[in-house]
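Report on the structure
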Amino acid sequence: MKLKIAVLAGDGIGPEIMEQGVAVMSAVAEKFGHEVSYTEAICGAHAIDEVGDPFPEETFNICKEADAVLFASVGDPKFDNDPTAKVRPEQGLLAMRKKLGLFANIRPVQTFKCLLHKSPLKDELIDGADFVCIRELTGGMYFGEKYQDNDKAYDTNYYTRPEVERILKVAYEYARSRKKHVTVVDKANILASSRLWRQIAKEMAPQYPDVVTDYMFVDNAAMKMLTEPRFFDVMVTENTFGDILTDEGSCISGSMGLLPSASTGESTPVFEPIHGSWPQAKGLNIANPLAQILSVAMLYEYFGLNEEGALIREAVDASLDANVRTPEIQVEGGAKYGTREVGQWIVDYVKNA
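Below: a short report on this structure. Keep in mind that what you see is a predicted model, and the values were worked out from it rather than measured.

Another aspect to go through is the overall build of the protein chain. Regarding its fold elements, the protein chain presents 14 helices and 12 strands. A globule of 353 residues ought to have a C-alpha radius of gyration of about 20 Å, and the protein chain, at 20 Å, matches this closely. Considering only C-alpha atoms, the protein chain reaches an extent of 55 × 50 × 40 Å along its principal axes. A buried classification covers 54% of the 353 residues belonging to the protein chain.

Turning our eyes to something else, we now look at the packing of aromatic side chains. Scanning the entire structure with this criterion turns up 9 aromatic pairs. Connected via pairs of aromatic rings, a cluster forms that spans F131, F231 and F232. Here the basic side chain of K224 rests over the ring of F231, its NZ or CZ set 4.7 Å away from the ring centre.

This part is about the environment of V36. Among the secondary structure elements, V36 is positioned in strand β2 (residues 35–40). Using a relative accessible area of 17% as the deciding quantity, one classes V36 as buried. Separated by 32 residues in sequence, V36 and K4 have C-alpha atoms that sit 6.0 Å apart. When neighbours within four sequence positions are excluded, V36 is seen to be in contact with L3, I5, M25, A29 and Y300.

The next subject is the state of the cysteines. Applying the stated rule across the entire model yields 0 disulfides. With no disulfide of its own, C43 has C63 as its nearest cysteine by sulfur position, at a separation of 8.0 Å. For C63, a relative accessible area of 0% corresponds to the buried category.

Turning our eyes to something else, we now look at the packing of helix α7 (residues 161–176) against helix α8 (residues 192–204). In contact at an axis separation of 10 Å, α7 and α8 are set at 50 degrees when each is read in the N-to-C sense. By the angle between their axes, α7 is oblique relative to α8. Note on packing geometry: the crossing formed by α7 with α8 is right-handed. Facing R161, V164, E165, I167, L168, K169 and Y172 of α7, the residues of α8 in contact are L196, W197, Q199, I200, A201, E203 and M204.

What follows deals with the environment of D149. With respect to the helices, strands and loops of the structure, D149 is situated in the loop between β6 (146–148) and β7 (153–155). Sequence separation between D149 and I134 is 15 residues, and the spatial gap between their C-alpha atoms is 34 Å. Here Y147 takes part through its side chain, which lies 2.7 Å from a polar atom of the side chain of D149. A polar atom in the side chain of D149 sits 2.7 Å from the backbone nitrogen of D151.

Time to look at helix α5 (residues 89–100). In a regular helix each residue adds 1.5 Å, so 12 residues correspond to 16 Å; α5 covers 17 Å between its end C-alpha atoms and thus fits that length. Every buried residue belonging to α5 is among P89, G92, L93, M96, R97 and L100, and all of these are buried. Buried residues of α5 fall within an arc of 135 degrees about the axis and therefore sit on the same side. A positive phi of about 65 degrees marks G101, the residue just after α5.

Moving on to the pattern of salt bridges. Once their charged atoms are close, side chains differing in charge can pair, the charge on each being opposite to the other. Under the definition given, this model contains 17 salt bridges. Between E165 and R161 there is a salt bridge, with the nearest N and O atoms lying 3.3 Å from each other. You can see E165 and its partner R161 sitting in helix α7, 4 residues apart, about one turn around the helix. Ionic pairing is found between E266 and R166, a salt bridge with its closest N-O pair at 3.2 Å. Pair noted here: E266 is in the loop between β11 (260–264) and β12 (270–273) and R166 is in helix α7, with a separation of 100 residues, a long-range link. You can call R166 partly exposed: its relative accessible area is 25%. Connected through salt bridges with shared partners, the residues D130, R178 and D233 form a single ionic network.

Reading guide: rules and limits
Residues numbered from 1 in each chain as written. Predicted model: local features only at pLDDT ≥ 70, side-chain atom pairs only at ≥ 80, totals over all residues. Heavy atoms only, no water. Helix = DSSP H or I, 4+ residues; strand = E, 2+ residues; numbered from the N terminus. Rg over C-alpha atoms; globule rule 2.2 N^0.38 Å. Buried < 20%, exposed > 50% of the residue type's maximum accessible area, 1.4 Å probe, protein only. Phe/Tyr/Trp six-rings, centres within 6.5 Å; stacked < 30°, edge-to-face > 60°. Lys NZ or Arg CZ within 6 Å of the ring centre and 35° of its normal. Contact = heavy atoms within 4.5 Å. Disulfide = S-S within 2.5 Å. Axes fitted to C-alpha atoms, helices over the stretch in contact; angles between N-to-C directions. Parallel < 35°, antiparallel > 145°, perpendicular 65-115°, else oblique. Left-handed = near helix turned anticlockwise from the far one by under 90°. Polar contact = N/O pair within 3.5 Å; in protein donor to acceptor, adjacent residues only side chain to side chain. Expected span 1.5 Å × (residues − 1). Arc of directions from axis to C-beta. Salt bridge = Lys/Arg side-chain N within 4 Å of Asp/Glu carboxyl O.

Following this line, the structure appears as structure tokens:
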């Protein structure tokens, strides 16, 4: 297979973890006889510094012409610490999602046996947890009407029926390939937008009689994720709730550096780790590249290349079992491995498999 990949390394640790993701992707492509070409493009704070736009038109065109986008991270403290900044790196991420029509964000949450001790939660609670968060990505408060002055501000949590129907359909289709259980997360006791979500979900549920559907307020869902994570199979929710809950899910695996994601919809799909740019770690060779590498596995699987994705997952599991880990997940007294060393170990594993 021939694949054209747009590479958006972005800010902070992005270039470091992206280098390892591309290296693993290339090693897998070589092993299985695929032809993969890469086109780099700027985004985030890097793009603001270069051209004043966090998602320039040239970057958009590169993404649109690609088969898939491999994305790392955006964000920089100089914007985080300036509430008056009119242009922000994260606006580039939102623009990419909107322009490419990426309405569905798929974030798997799973545990690794050898890393249960790294989670702040008890082993007996999280062992065997394996669920998918499906977050609506192009609606809600992030894209609704906004206003801010010195005395007041508001964000509009705006949703339409087609937006809700299409993301629920994604959730049900995922559930059918898993344990056939969908949990719709909302705040229908308070928010009108959530009541629309629940109304539409109740209308659609009978179309999927083989799937169990339940409904949960977001505050209850947040608690249940930490007290009974094995309850969930497929969780579907709106943009803001999904952003918060999926980051919370990293507590289950033990590190944000382990969780990949895919964003799909009307145009080129995007594959990225769920974590941010961690600017404090930039250039220190300590960032965990596994979420970026597992995002490559999701990319291959998106195109039906399941054997390729499985090999990457096998390599990641093997690296963890061999204690080839970056500092935040290394066992006490374990050898020191950096971003580059972990990436190279996985590349070597792929080549020798």
